Amino acid sequence: MKSILNIEIKHTYHKMEQLRRSLATLSDGITTSGIPENISKSFLESQARFNEKNIRERTNRTKRKFNNILLRSSERNEEENTISGNPKAIHNGTQTTIPPETEILLSLGPKFALPMTELQQVPFYHLMADAEQVLRTNPNTVIQDQTRCAVANVITNYIHRMRNRNNQFEPITKFCNKAEETTRRFLKDNPNILVLKSDKGNKTVLMEASEYRQKMLELLEDRNTYNPINADPTSRFEKQNNSIVKRLRNLDLIDERTSRQLMKHNAVCPRIYGQPKAHKPGLPLRPVVPNITAPSYSLSKFVGKIFQRSLVSRYNIRDSFEFCEFINNVTLPDEHVLISLDVKALFTSIPKSLVMNSIITKWDEIKPNTNICLDLFLEIVEFCIDSSYFRFDGQHYEQVFGTAMGNPLSPYIADWVMETLLDTVVRMLEIPLPFIRKFVDDLITAIPLSRLQHVIDTFNSYDIHIQFTYEMEVDNKLPYLDMLLTRHSNQNVTTSWYQKPIASGRFLQYQSFHPLGQKLNVAQNFARRVNQLSTNLDEQSKRKIVDDQLKLNGYPKPLRSRIINRMNERNTNRSIQHSVQNLEYTYLSIPNIPHLSNMIDRVIRREYTQVRLAKYNVRKVNNMFSKVKDPVPQESQSNVIYRVPCSNCEASYVGMTTNRLRTRMSGHKTHYNALDRLLEQGNTTTDEIANLGERTALMHHSIAENHRFDLKNVKIVDRANNTHTLQFLEMCHIKNTAHAVNKRTDTEGLHAVYAGILHEIGKINKPANETDENASTTNTQLHTPL
């Protein structure tokens, strides 16, 4: 069969070549036939465009057929219709018995996508907002309108199909719905149980809330690293950050655009949380401080990029593939053994003085990559380190030593310090090292066994705070990264793919409601990884590893066999590779809604060939994981859509703000204070009051009806980080909010084609037996990203 197929392929290529020659001859004939050049050129260009479009459509149709064949062949397999849990992927640190459905669902991992069986679960507003972002990438308004109409038609048809469908769901969908209901009920009945992600091993951990709090407090009692402070220093650090940015701009060291990016006006105190170490007894916690809301976050990223550009490392490993290629070409000296070293808690162990000294020592390497002088650069780095602070359980803390996990500057500082450390230690050693490589703080080298203690003592003598642990090879084998290194009798080293005993073996489950292409890519990349990293395994051993891991993650047997059979394939068509590399795509995202998102993708690709859509999941198991970070008060949140009810009638006002909600409410309150002063003076019909009423629709209603809005009862109904998306969401909420007092001009930017969809969504979110209040609450729950 393969021989016959190869003959057919060769014959097809032969016919294609004949057709190319015929086309070239015809083209030359048209060009030299005496037809005016502009007419012949226009004709040939139109034919080329038609040919390109035809090829694209046929290619997409073939891909869809292929994916459908895979899907149908998988659906015939019983493995696809069942979900089996992964016992290694869940660790119950409590004394409570977990329901079987809950145990299976949580073991699937936080990224497992849940089905959407109800229209109320579909984030239509965000879907339309993301689609609108894509449409605006083309300046041609005619193409925008055509594609917008097609997208709206697809969404409307989807709503009608979902509304008229029967409720006969597939077994997996039924199981997921039941397991989700059981899990939510279990967690509601046991509020003392937390569901967390493990620090290592990709596991789900259940532990007591009181135990978690106690262990976090014990961590924060380390006064050498953390100090409690009486007040939230966010405002102070924000002023310092903006002052530094203004100095950089005034000195013309950064441009206006960079200055706006580095400024911070809506910072929020970072919240620390702990990740349990499921591989250690007692479930100790690793502290993590996400700094994305911190005042110095953008400035830290800016400085980190300077470090990144400046570091030309002799030791760094980019990834496992690079190290695999290197180590397989190394022959160790006689009597040398492999050894790996690891720093204990590197980020929180780096003294600030060590960072400053490293910068001064290597300033000649940093200087060409920045126009900032040394003194100012040191001041900025010191500020980024000193502004490490967070909040836990209502108490604010500052980190007085080391750098925070979660600070974007910390990895670059750690890399820089480790580079300086290695340069120094290698010179101090009494023995030459055949090689030494590092991946962040994980080092690997080879030494004579008799000099082990000397090597460890030398590394630990560099700084009293940076101390190393080591691991020696056992039976000539040493794990490093995701490989097992094997030293042979001839001192050559080979590798094989390796998984730590603590690992759960969990990756994207096949039964997850992700796009099929994403699941195939995950499986194929894993198979290629095993194949390329395993240089000392035969084909059968590699196949068994891939098959076992894919089976563990629910991939059906026919698909496993196909992936395994193709894991050695390489794309040999260089012309195709070259053409793909030269294409410049714009990557945007939309929510992943089974069937609907793929249809929208196909509609958009007809005219937007340069756009590639990434689909993100909204309903995931992660939504059931515990939120252990201190909640951010509503008034401190920014980039939100809010709704304010009128105290005297059913009306409400919908607005948006990119600042803190507290700041926006203060603006409304200021308008009310100005109105009160005018009324106290007896001015009831002055131009000043009229001008005040034109400020916002809220004030217009208040003045016209003599009503007041309840500013203390404001509710957040949606949120988005992108300003354009936020504006679109605001218009959608205004349209579908009953008795909204907003002006007609507030929704002028919303295209009329969306009117029908918004009407349908309004009916979905507002059943006849519900009040406007309940409908609005439902809308908030649906369209607020979790």
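Within an unreviewed UniProt entry, the label attached to the chain reads Reverse transcriptase domain-containing protein, and the organism entered is Aedes albopictus.

**A closer look at the environment of D457**
Considering the arrangement of structural elements, one finds D457 in helix α16 (residues 452–460). Residue D457 is classed as partly exposed on the basis of its relative accessible area of 43%.

**Topic: the sheet that holds strand β1 (residues 90–92)**
With mixed pairing, the three strands of this open sheet are ordered in space as β1-β3-β2. Pairing within the sheet leaves two strands with one partner each, and these edge strands are β1 and β2 (193–197). Shown here is a sheet whose adjacent strand axes are inclined to one another by a mean of 20°, direction ignored. In the sheet, β2 pairs with strand β3 (residues 204–208) via five bridges, with the strands oriented antiparallel. In the sheet register, L194 faces β3, and the bridge partner there is M207.

**Structural notes on unusual backbone geometry**
Positive phi, normally seen in glycine, also occurs at E335, with a value near 65°. Secondary-structure assignment places E335 in the loop between α11 (320–327) and β7 (336–343). One non-glycine residue with positive phi stands out, namely H595, at about 75°.

**A look at the pattern of salt bridges**
Note on pairing: side chains with opposite charge can pair once their charged atoms come close. Counted according to the given criterion, the structure contains 37 salt bridges. Two residues, E132 and R136, come together in a salt bridge whose shortest N-O distance is 3.8 Å. When its relative accessible area of 6% is taken as the criterion, E132 is described as buried. Given the relative accessible area of 38%, R136 is considered partly exposed. The residue R249 makes a salt bridge to E256 at a minimum N-O spacing of 3.0 Å. Residues participating in the shared-partner salt-bridge network are E132, R136, D145 and R148.

**Brief notes about the pairing of strand β14 (residues 483–487)**
Most of β14 is tucked away, with five of its five residues classed as buried. Here four bridges tie strand β13 (residues 477–480) to β14, and the two strands are oriented antiparallel to one another. Counterpart to L478 in the pairing with β14 is L485. In sequence, β13 turns back onto β14 through a hairpin of two residues, with L481 there showing a positive phi of about 55°. Bridge analysis of β14 against strand β15 (residues 493–497) gives five bridges, and the strand direction is antiparallel. Paired with L485 across the two strands is T495, which belongs to β15.

**Remarks on the packing of helix α18 (residues 539–552) against helix α19 (residues 557–565)**
Two numbers describe how α18 lies on α19: the axes approach to 10 Å, and their chain directions differ by 145°. In the crossing of α18 with α19, the sense of the turn from one axis to the other is right-handed. Judged by residue contacts, R543, V546, D547, L550 and K551 of α18 engage R560, I563, I564 and N565 from α19.

**Structural notes on the nonpolar core**
F307, I359, F377, I380, V381, F459 and F468 are the most contacted members of the largest nonpolar core, which totals 61 residues. Excluding residues that lie within four positions of it along the chain, I380 makes contacts with I244, L248, L299, V303 and I372. If you look at the next biggest cluster of nonpolar residues, it comprises 45 residues, including L135, V151, L758 and I761.

**Let's talk about the UniProt feature "domain: Reverse transcriptase" (unreviewed entry) in the chain**
In this numbering, the UniProt entry assigns the feature "domain: Reverse transcriptase" (unreviewed entry) to residues 256–502. Note that residues 256–502 is 34% helix and 22% strand, and that its end C-alpha atoms are spaced 49 Å apart.

**Notes on the sheet that holds β7**
One open sheet holds the four strands; their spatial order is β10-β11-β7-β12, and the pairing between them is antiparallel. Two strands close off the open sheet at either side, each with one partner strand: β10 (436–439) and β12 (468–472). If you compare each strand with its neighbour and ignore which way they point, the axes differ by 30° on average. One ladder, built from seven bridges, connects β7 with strand β11 (residues 442–448); its direction is antiparallel. Counterpart to D342 in the pairing with β11 is D442. Against the sheet, helix α15 (residues 410–428) engages β7, β10, β11 and β12, with an angle of about 165° to β10.

**What about the packing of aromatic side chains?**
Tallied over the full model, the rule gives 18 aromatic pairs. Ring centres of F307 and F377 lie 5.6 Å apart, and the angle between their planes is 65°; this geometry places the pair in the edge-to-face category. Of the two residues, F307 is situated in helix α10 (residues 297–310) and F377 in helix α14 (residues 374–386); the sequence distance between them amounts to 70 residues. Each member of the pair, F307 as well as F377, is classed as buried. Both rings, one in F307 and one in W416, keep their centres 5.5 Å apart while their planes meet at 55°; by these two values the pair is tilted. Placement of F307 in helix α10 and of W416 in helix α15 is noted, with a sequence separation of 109 residues between them. Here F307 and W416 have matching classes, each one buried. Clustering of aromatic rings is evident, with ring pairs tying together W497, F507, Y510, F526 and Y555. Between R236 and the ring centre of F237, over which it is positioned, the NZ or CZ distance is 4.6 Å. Its guanidinium or amino end placed over the ring of F326, R437 lies 4.2 Å from that ring's centre, counting from NZ or CZ.

What counts and what doesn't
Residues numbered from 1 in each chain as written. Predicted model: local features only at pLDDT ≥ 70, side-chain atom pairs only at ≥ 80, totals over all residues. Heavy atoms only, no water. Helix = DSSP H or I, 4+ residues; strand = E, 2+ residues; numbered from the N terminus. Buried < 20%, exposed > 50% of the residue type's maximum accessible area, 1.4 Å probe, protein only. Pairing = 2+ DSSP bridges. Axes fitted to C-alpha atoms, helices over the stretch in contact; angles between N-to-C directions. Salt bridge = Lys/Arg side-chain N within 4 Å of Asp/Glu carboxyl O. Left-handed = near helix turned anticlockwise from the far one by under 90°. Contact = heavy atoms within 4.5 Å. Core = buried A, V, L, I, M, F, W, Y, C linked by side-chain atoms within 4.5 Å. UniProt positions renumbered as here; feature names shortened; annotations may be inferred. Phe/Tyr/Trp six-rings, centres within 6.5 Å; stacked < 30°, edge-to-face > 60°. Lys NZ or Arg CZ within 6 Å of the ring centre and 35° of its normal.

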